[in-house]
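Take a look at the letters that make up each chain.
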Amino acid sequence: DGQNLFDAATSFIGEWGIDEALDSLGLACIVVGLDNGGVRRAYEYIPLRYPSPDGRDMWRRVTGGGHLTYRWLLQRIKPWVDSTYRTNGTQYVGGASLGGLMALYGQLAHHETISASLVLSGAYMPAPGIYDYAARHARPGGCSLSPCTRQRGCKPPPPGAGKRAHKATGPV
């Protein structure tokens, strides 16, 4: 959702003001924001397929491409950024809604490259198995989660999350 980071004119939900926030805090860092693919956003941002407990899969037609998005980011975009700018090797990811889901997944699946994630109001409803995935792949430190607040269908993790039997299918 890079189109939302810096400019209200390009945003589909309002500018996040990342540049102003970092300037006001006096933080020097490189922020790479990549626009989503519009109608392909759900496919790009949902990392795996998760069958629902009742057997229905309402996201079936759009899920499962997020792992390919990360492959592209790590194999094409990160090397370009590292060769173009003076980077120090520390990589953070962040996002809100489906971008938050991707930030969490990225830090869990690619912990050797991504040091930490910032998840704002993560949209976990299309990927209920992410709780179990997080329980299996979590590493010490490096993840900041904020609760979902106003998203339709947004619910906190269910009791026993990480123990429930949601089986992920896909290349992880």
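Everything below is about the structure printed above this text.
In what follows, the accompanying structure is described.

Here is what the cut-offs are and how they apply
- Residues numbered from 1 in each chain as written.
- Predicted model: local features only at pLDDT ≥ 70, side-chain atom pairs only at ≥ 80, totals over all residues.
- Heavy atoms only, no water.
- Helix = DSSP H or I, 4+ residues; strand = E, 2+ residues; numbered from the N terminus.
- Expected span 1.5 Å × (residues − 1).
- Bend = angle between axes of the 7 residues up to and from the residue.
- Buried < 20%, exposed > 50% of the residue type's maximum accessible area, 1.4 Å probe, protein only.
- Contact = heavy atoms within 4.5 Å.
- Core = buried A, V, L, I, M, F, W, Y, C linked by side-chain atoms within 4.5 Å.
- Pairing = 2+ DSSP bridges.
- Axes fitted to C-alpha atoms, helices over the stretch in contact; angles between N-to-C directions.
- Parallel < 35°, antiparallel > 145°, perpendicular 65-115°, else oblique.
- Left-handed = near helix turned anticlockwise from the far one by under 90°.
- Nonpolar A, V, L, I, M, F, W, Y, C, P; charged D, E, K, R; others polar.

## Considering helix α3 (residues 66-84)
Along its 19 residues, α3 runs 25 Å from first to last C-alpha, staying within 8% of the 27 Å computed at 1.5 Å per residue. Residue leucine 73 marks the point of greatest curvature in α3, where the axis turns by about 35°. What α3 keeps buried is the set Gly66, His67, Thr69, Tyr70, Ile77, Lys78 and Val81. Of the surrounding elements, those touching the buried residues of α3 are α2 (41-45), β1 (92-97) and α4 (98-109).

## With respect to the nonpolar core
Counting residues in hydrophobic clusters, the biggest one holds 21 residues, and the most contacted among them are Leu98, Leu101, Leu104, Tyr105, Tyr124, Ile130 and Tyr133. Elements that contribute at least two residues to this core include exactly α2, α4 and α5 (130-137). No other element matches α4, which puts seven residues into this core.

## A word on the pairing of strand β2 (residues 116-122)
Among the seven residues that make up β2, five are buried, leaving the element largely enclosed by the rest of the structure. Looking at chain direction, β1 and β2 are connected through six bridges and run parallel. Bridge pairing links glycine 94 to leucine 118 in β2.

## Here we look at the environment of valine 119
With respect to the helices and strands, valine 119 occurs in strand β2. Look at valine 119 and you get buried, because its relative accessible area is 0%. Counting along the chain gives 24 residues from valine 119 to glycine 95, while the straight-line C-alpha distance between them is 5.5 Å.

## Section: the packing of α4 against α5
Interhelical geometry of α4 versus α5 gives an angle of 30° and a closest axis separation of 10 Å. By the criterion of interaxial angle, the relationship of α4 to α5 is roughly parallel. In terms of crossing hand, the pair formed by α4 and α5 is left-handed. For the pair formed by α4 and α5, the contact residues are Leu101, Leu104, Tyr105, Leu108 and Ala109 on the first element and Ile130, Tyr133, Ala134 and His137 on the second. Its residues assigned to classes, the contact of α4 with α5 comprises eight nonpolar, one polar and no charged.

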